[in-house]
Amino acid sequence: MADIILHHYAASPFAEKVRIALGLKQAAWKSVDIPNVMPKPELMPLTGGYRKTPVMQIGADIYCDTQLIMLELDRRLPTPSLLPKGHEGEARAIAMWVDRNIFSPAVGVVMSQIPIEGRFGETFKKDRSEFSGRNFDPERLRAALPMMRDQTYALLSVAGTMLSDGRKFLLGAEPCLADCALYNPVWFIQSQLGETAAPLDRLPGIVAWSQRMKALGGGRRTDIKAGEALDIAKAAEPGTTAVDASDPSGLEAGQKISVTPDDTGRVPVEGVLVGLAPDRVSIRRSDPRAGEVVVHFPRAGFVVLPL
Ligand SMILES: N[C@@H](CCC(=O)N[C@@H](CS)C(=O)NCC(=O)O)C(=O)O
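Residues numbered from 1 in each chain as written. Predicted model: local features only at pLDDT ≥ 70, side-chain atom pairs only at ≥ 80, totals over all residues. Heavy atoms only, no water.

Bringing the overall build of the chain into the picture now. Per the secondary structure count, the chain includes 11 helices and 10 strands. For 307 residues, the compact-globule estimate of 2.2 N^0.38 gives 19 Å, and the chain sits close to it at 19 Å. Expressed as lengths along the three principal axes of its C-alpha atoms, the size of the chain is roughly 55 × 45 × 40 Å. Looking at the chain as a whole, 52% of its 307 residues qualify as buried. Contacts spanning at least 24 positions in sequence make up 69% of the contacts within the chain whose residues lie at least 6 apart. Accessible surface for the chain amounts to roughly 13,600 Å². Of this, 54% is attributable to carbon and sulfur atoms. In the chain, which carries 36 positive and 36 negative side-chain charges, the distance between the mean positions of the two groups comes to 3 Å. (Helix = DSSP H or I, 4+ residues; strand = E, 2+ residues; numbered from the N terminus. Rg over C-alpha atoms; globule rule 2.2 N^0.38 Å. Buried < 20%, exposed > 50% of the residue type's maximum accessible area, 1.4 Å probe, protein only. Contact = heavy atoms within 4.5 Å. Areas by Shrake-Rupley, 256 points an atom, 1.4 Å probe, with all protein chains shown as cover. Lys, Arg positive; Asp, Glu negative; His and termini not counted. Charge placed at Lys NZ, Arg CZ, Asp CG, Glu CD.)

So this is what it looks like as structure tokens:
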């Protein structure tokens, strides 16, 4: 198999979800540091416009969104598995619940307490306004802190009840996809505000669990330059994919389509449909710098339109 390349930046909590999974699997991987705001001129040739962090590259195959990145990692490196036997659906459902429900208030808890002006400045505010589709206003964020902390507390308490029978991880004795997903917002609060910052001060079970997660490490990482990753894509051939002819969408192989996230960073990526399955949609595109690549997206949370 070609090397796993993760395009990410250190402070990204969604990237931490993948890095901790690479730790769980003790995987060797290559790291490309990307900007935390647009423009991302060395990432766009690979993704065709998708701008979120992280992105995983394996040769000329580009995987967008951690929902799919984690499944693909597990397919390529099956042991130890991210999907506990007999509970694959539960692990995936909990991960989606965390991503869509806990991430946002946890980010609110952090962003309302760190000095945005000093640390990020106007470029960051403008970028995140475009990214989210609403004005990124530090004053409004600060005012919302009590509500964001309450929401984070209530939601993390639900996760805490999963651990209340003494199990070490959310779905049993071993860490899985659900744990990696929950580690994303918990790690973000801890890394920015402290190990037991509120509301974690009232959630000792979650803090103890986070220490077990942290011990998984980050795998075996080698840093490479973005240009090297582009050369790797150009020299590689994308893997084979198949279009499910009975898919309810009625889409057909070879059709030109666009794929767009339905929440933030809503930039459409256009290409030719080459792969369609319940968990993914894959399009082939060509770029002067990256060559022929196939970009893969999850189905849930993405709008797929024929062009
Ligand atoms: N649903 C996406 C969410 C990714 C996401 O929102 N990532 C944040 C960083 S943690 C992001 O893209 N921020 C803007 C940026 O990095 O340009 C996933 O699971 O990968």
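This part covers the site of the ligand. Looking at the ligand, there are 13 residues lining it, with Lys40, Arg51, Thr53, Asp65 and Thr66 nearest. Arg51 is positioned such that a nitrogen or oxygen atom in its side chain is 2.6 Å from an oxygen atom of the ligand. Coverage of the ligand by the protein chains reaches 93% of its 500 Å² of free accessible surface. Using a 2 Å cut-off from the grid points, one finds that the ligand occupies the largest pocket. Elements with a minimum of two residues in the shell around the ligand: helix H1 (13–24) and helix H6 (121–132). (Near = heavy atom within 4 Å. Polar contact = N/O pair within 3.5 Å; in protein donor to acceptor, adjacent residues only side chain to side chain. 1 Å grid on protein atoms, 1.4 Å probe; cavity = no way out; pocket = protein on both sides within 12 Å on 5 of 7 lines; lining within 4 Å. Sits in = over half its atoms within 2 Å of the grid points.)

Before going further, it helps to spend a moment on the environment of Gln211. Along the chain, Gln211 falls in helix H10 (residues 204–214). Along the chain, Gln211 and Val304 lie 93 residues apart, while their C-alpha atoms are 39 Å from each other.

All right, on to the packing of aromatic side chains then. In this structure the tally under the stated criterion is 5 aromatic pairs. On the numbers, 6.2 Å between centres and 70 degrees between planes, the contact of Tyr183 with Trp209 is edge-to-face. Separated by 26 residues along the polypeptide, Tyr183 in helix H9 (residues 177–193) and Trp209 in helix H10 bring together distant segments of the chain. Assigned by exposure class, Tyr183 and Trp209 land together as buried. Clustering of aromatic rings is evident, with ring pairs tying together Tyr50, Phe297 and Phe302. Geometry around Phe131 places Arg128 over its ring, the cationic atom sitting 5.6 Å from the centre. Between the NZ or CZ atom of Arg212 and the centre of the ring of Phe169, over which it lies, the distance is 6.0 Å. (Phe/Tyr/Trp six-rings, centres within 6.5 Å; stacked < 30°, edge-to-face > 60°. Lys NZ or Arg CZ within 6 Å of the ring centre and 35° of its normal.)

Moving on, we get to unusual backbone geometry. A negative phi angle is the norm for most residues apart from glycine, just as the trans form is the norm for most peptide bonds. Looking along the chain, the bond that leaves Thr53 and enters Pro54 is cis, with omega of 5 degrees. In this structure, Pro54 sits in the loop between helix H2 (44–47) and strand E3 (55–58). Backbone torsion omega between Thr79 and Pro80 reads -10 degrees, so that peptide bond is classified as cis. Structurally, Pro80 can be placed in the loop between helix H3 (66–76) and helix H4 (88–111).

With that out of the way, let us pick up the state of the cysteines. Cysteine pairs can be covalently joined through their sulfur atoms, and such a bond is termed a disulfide. All chains considered together, the criterion is met by 0 disulfides. The cysteine Cys64 is free of any disulfide, with Cys180 supplying the nearest cysteine sulfur at 20 Å. In this structure Cys180 is a free cysteine whose sulfur lies 7.3 Å from that of Cys176, the closest cysteine sulfur available. (Disulfide = S-S within 2.5 Å.)

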